[in-house]
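Architecture at a glance
One letter stands for each residue in the lines below.
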Amino acid sequence: MTHNIRTCLWFRDGRGPEAAKFYCDLIPGSRVERSFTGDNGMGAFSVTDFTLAGTPYQILDAGPHFLLTEAVSISVETDDQAESDRLWFALTTGGGEERVCGWLKDKYGVSWQVFPDELIALLADPDPERSARATRAMLGMKKIDIAAVRRAAEQG
């Protein structure tokens with residue numbers, strides 16, 4: 001049996017198709033798969049299915065009934081600091097908001113976690129003191145600076 005499972009993000013402002021295109025243009029290997037509109041008798045809606053680097057998502061843009069929150073975020077582990085910086089800048093430009101520990105909210109209200117993949121190794125270091133130093137450094141940051149986290153982990 002095949003299952004087509006997607007995370008669905010509820011948008012409320014008619015910008016769902018625009019957001020999906022923005023995300024797909026930003027993340028290599030991504031594409032909008034389909035988009036359609038309709039009216040359910042209570043108002044117009046749109047549905048946009050898209051894939052970000054192989055992970056399927058859907059935006060249901062159907063009015064003010066629900067809000068996006070940080071309870072759902074898109075987590076992106078990048079290969080290096082340069083890619084983290086590129087995504088961070090693109091996602092916070094034009095109305096996005098920087099949050100703590102590598103979290104941000106983009107101009108559409110979607111929460112993201114963007115960080116170099118080395119961060120996980122530093123936070124999960126088998127040496128608890130090294131891990132604690134890395135964690136303390138990360139907790140003091142908005143955009144993750146992996147060199148600074150690495151330096152903090154190594155001080156000891």
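Only a predicted model underlies this, so the values are computations on that prediction, with no experimental measurement involved.

Some thoughts on the pattern of salt bridges
- Inspection of every chain in the model, using the stated rule, returns 13 salt bridges.
- Here Lys21 makes a salt bridge to Asp25, at a shortest N to O gap of 2.7 Å. On the criterion of helical spacing, the pair formed by Lys21 and Asp25 is a turn pair, its members being four residues apart in helix 1 (residues 16–26).
- According to the relative accessible area criterion, Lys21 is partly exposed, its value standing at 49%.
- The exposure class assigned to Asp25 is exposed, which follows from its relative accessible area of 58%.
- Each of Arg6, Arg31, Glu33, Arg34 and Asp49 takes part in one network of salt bridges that share partners.

Quick look at the pairing of strand 4 (residues 55–61)
- Across five bridges, the pairing between strand 1 (residues 7–11) and strand 4 is parallel. Residue pairing in the sheet places Phe11 in a bridge with Asp61 of strand 4.
- Pairing between strand 3 (residues 44–52) and strand 4: seven bridges, direction antiparallel. Looking at the pairing, Thr51 lines up with Pro56 of strand 4.
- Where strand 3 hands over to strand 4, the hairpin turn is made up of two residues, of which Ala53 adopts a positive phi near 45°.

Criteria and thresholds
- Residues numbered from 1 in each chain as written.
- Predicted model: local features only at pLDDT ≥ 70, side-chain atom pairs only at ≥ 80, totals over all residues.
- Heavy atoms only, no water.
- Salt bridge = Lys/Arg side-chain N within 4 Å of Asp/Glu carboxyl O.
- Helix = DSSP H or I, 4+ residues; strand = E, 2+ residues; numbered from the N terminus.
- Buried < 20%, exposed > 50% of the residue type's maximum accessible area, 1.4 Å probe, protein only.
- Pairing = 2+ DSSP bridges.

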